[in-house]
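As a plain string of letters, each chain reads:
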Amino acid sequence: MVKEKKKDEDNSYSKKYIAPKGWKPKNPDKDYIITFLDIELADGVKEDQFETVVAACAAESSTGTWTKVYSGKDSGVEMADKLRAIAFDLDPKTKTFKIAYKVELFELDNMSGLLAGIVGNVGGMKMLKALRCLDIRFPEPMVKAFPGPQFGVEGVREMLQVERGPLLLTVAKPKVGRTAKEQAALARTLFTAANGEYHGIKDDENLTSLFFNKFDDRCELVHKVIREIEEKSGKKKFYLCNITHSNLDTMISRADKIKAQGGRWMMMDVVTTGFSALHTMRLKNPGLAIHAHRAMHSLFTRESGPGVYNKGEIMDFSMSMVANAKILRLLGVDSLHGGAPKTKMENYGEPKLIRDALQLDVTPESSITLGQNWYGMKPVWHVASGGLHPGSVPEVLHQLGEDIMLQCGGGVLGHPWGIEAGVEAVVQAKELALGSGDLEKWLKENPDTPLAKAADHWGFGPKIV
């Protein structure tokens, strides 16, 4: 009898966090943060307990806990009930559901606090053996509370005087090995080949300030080359100079150094440095665009199960890169790695979803995303990378559009005829794609070109790494 009474109490408590069937939040773009979750029940948790588990997720991520607690004077329960989250659109077959949080539950401009709530503890619940946060939809008050990109797509185009087409850049390879002088020499080679049509050079994530390639030396020497090239050619160049450090003061100092050298862009590994560091650098940086490299993201965005984007079984605890891209746009990056079609970064068409989240003013809703109104926030450059080479350029541009950065490392530096030929091949591929030319026909008519050699060497699809 006691057990039955306790079970009834628990069910009644759980139902507080579940909306009636068909319920939708009123005025969601003003009053609610919404998450879209996919879960798998832990072994031993029965299918008919799905609703109880969902209620526990809503409670744990908002105002509740695993059981009913003291609700008398000074308990705070009355306010908690007003602000509790509500789970809706439950689908027991796919184990997906959404949670609506009243905007008053969080500080509008505190991303760290928000994430600590909506996804902070739910992954640790013993009733779950897998969870994926498919998406987060932010309301207007929260969108407008964050800075967003300082420059965005159009601001960078104006800065570099590039009216259309993708930006072309190469990351130095090997990842680590070149001295600062050698990296500056590589910059000169990239920027003088192909009539100076190449735009940028980038540090790899491993290259910070090492005994043979100190940050200050590299920053000075590469930017010196850029100044010389620009003075002679009149063509603007950029260097994604890696300021990543676990000491925020060091990153601020490095950003100041880039600005003093006439630089335009800084690079941060935004996962390893954290959302707070990114937000701070956006607000304090000396007028530099922010390039977001995402090293370590796969440890929490990767899902190995077959249901990652088709509502089948999932196997991990993760948050989609689409949701992360939205967070990073709010915090103010100007460019972000988002993968490319058929590369090592693609997850069931994810690069296109990321591109939409980064660049559209109204990201459309779909069966696997919540959509987003950005209320005029500047769009972000989508960085296509991961095994790209000249033969893959036309397809990437066809699928992702022109407002992308084409990052070819080995696809330039590994050209059989040398680095200059690698640059020429990428430039030829870009111009052919922008002109809507027939790649196969062009290659037959121009068999002795760097692009033809690259296509013969690597083919047309990107290399899976």
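Structure: see above.
Residues numbered from 1 in each chain as written. Predicted model: local features only at pLDDT ≥ 70, side-chain atom pairs only at ≥ 80, totals over all residues. Heavy atoms only, no water.

Q: Before we go on, may I ask you to explain the overall build of the protein chain in this structure?
A: Per the secondary structure count, the protein chain includes 20 helices and 15 strands. Considered along the principal axes of its C-alpha atoms, the protein chain spans approximately 85 × 50 × 40 Å. Taken across its 465 residues, the protein chain has 54% of its residues classed as buried. Put simply, of all contacts in the protein chain between residues at least 6 apart along the chain, 74% involve residues at least 24 apart. (Helix = DSSP H or I, 4+ residues; strand = E, 2+ residues; numbered from the N terminus. Buried < 20%, exposed > 50% of the residue type's maximum accessible area, 1.4 Å probe, protein only. Contact = heavy atoms within 4.5 Å.)

Q: Would you explain the packing of helix H18 (residues 419–434) against helix H20 (residues 450–458) in this entry?
A: To describe two helices that pack against each other, one gives the angle between their axes and the distance between the axes. H20 packs onto H18 with a crossing angle of 95° between their chain directions and a minimal axis gap of 8 Å. One element, H18, and the other, H20, form an angle in the roughly perpendicular class. The segment H18 lies against H20, with Ala-421, Glu-424, Ala-425, Gln-428, Ala-429 and Leu-432 engaging Pro-450, Leu-451 and Ala-454. Among the residues making up the contact of H18 with H20, the classes are represented as seven nonpolar, one polar and one charged. (Axes fitted to C-alpha atoms, helices over the stretch in contact; angles between N-to-C directions. Parallel < 35°, antiparallel > 145°, perpendicular 65-115°, else oblique. Nonpolar A, V, L, I, M, F, W, Y, C, P; charged D, E, K, R; others polar.)

Q: Explain the pattern of salt bridges to me, please; I cannot follow it from the model alone.
A: Opposite charge on two side chains permits pairing when their charged atoms draw close. One pass over the structure, following the stated rule, counts 21 salt bridges. With its nearest N and O atoms 2.4 Å apart, the salt bridge here joins Glu-220 to Lys-257. Here the residue Glu-220 occupies a position in helix H9 (residues 215–233), and Lys-257 occupies one in helix H10 (residues 248–260), the gap between them amounting to 37 residues. Note that Arg-355 is salt-bridged to Asp-356, the shortest N-O span being 2.9 Å. Taking the relative accessible area as the measure of exposure, Arg-355 reaches 17% and is therefore buried. (Salt bridge = Lys/Arg side-chain N within 4 Å of Asp/Glu carboxyl O.)

Q: What is the right way to read the packing of aromatic side chains from this model?
A: Two measures describe an aromatic ring pair: the distance that separates the ring centres and the angle between the ring planes. By the definition in use, this model includes six aromatic pairs. Here Trp-23 and Tyr-32 contribute two aromatic rings whose centre-to-centre distance is 6.5 Å and whose plane-to-plane angle is 85°, an arrangement assigned as edge-to-face. Note on Trp-23: relative accessible area 24%, which makes it partly exposed. Residue classification places Tyr-32 among the buried residues on the basis of a relative accessible area of 13%. The interplanar angle of 85° and the centroid separation of 5.0 Å between the aromatic rings of Phe-211 and Phe-212 together place this pair among those described as edge-to-face. One aromatic cluster is present, formed by Trp-23, Tyr-32 and Phe-88 through successive ring pairs. Across from the ring centre of Phe-36, 5.4 Å away, lies the NZ or CZ of Lys-98, which sits over that ring. For Arg-329, the ring lying beneath its charged end belongs to Trp-374, and the centroid distance is 4.2 Å. (Phe/Tyr/Trp six-rings, centres within 6.5 Å; stacked < 30°, edge-to-face > 60°. Lys NZ or Arg CZ within 6 Å of the ring centre and 35° of its normal.)

Q: Is there a simple way to explain the sheet that holds strand E5 (residues 167–171) in this structure?
A: Each strand in a sheet pairs with another by means of backbone hydrogen bonds, the pair being arranged parallel or else antiparallel. In space, the eight strands of this closed barrel follow the order E5-E6-E7-E8-E9-E11-E14-E15, with parallel pairing throughout. Here the strands of the sheet are splayed against their neighbours by 25° on average, with no regard to which way each runs. Its contacts with the sheet put helix H8 (residues 180–192) on E5, strand E6 (200–202) and strand E7 (238–242), and the angle it makes with E6 is roughly 150°. (Pairing = 2+ DSSP bridges.)

Q: In this structure, what is going on with the sheet that holds strand E3 (residues 96–102)? I would like to understand it.
A: A sheet is described by the order of its strands in space; here five strands give the open sequence E2-E3-E1-E4-E10, paired in mixed fashion. Unpaired on one side and paired on the other, strand E2 (86–91) and strand E10 (317–319) mark the two borders of the sheet. The sheet shows a mean angle of 20° between the axes of neighbouring strands, direction not considered. Sheet analysis places strand E1 (residues 32–41) next to E3, joined by seven bridges and oriented antiparallel. The partner of Asp-38 across the bridge, within E3, is Thr-96. Across the sheet, helix H14 (residues 321–331) lies against strand E4 (128–137) and E10, angled at about 40° from E4, the strand it touches most.

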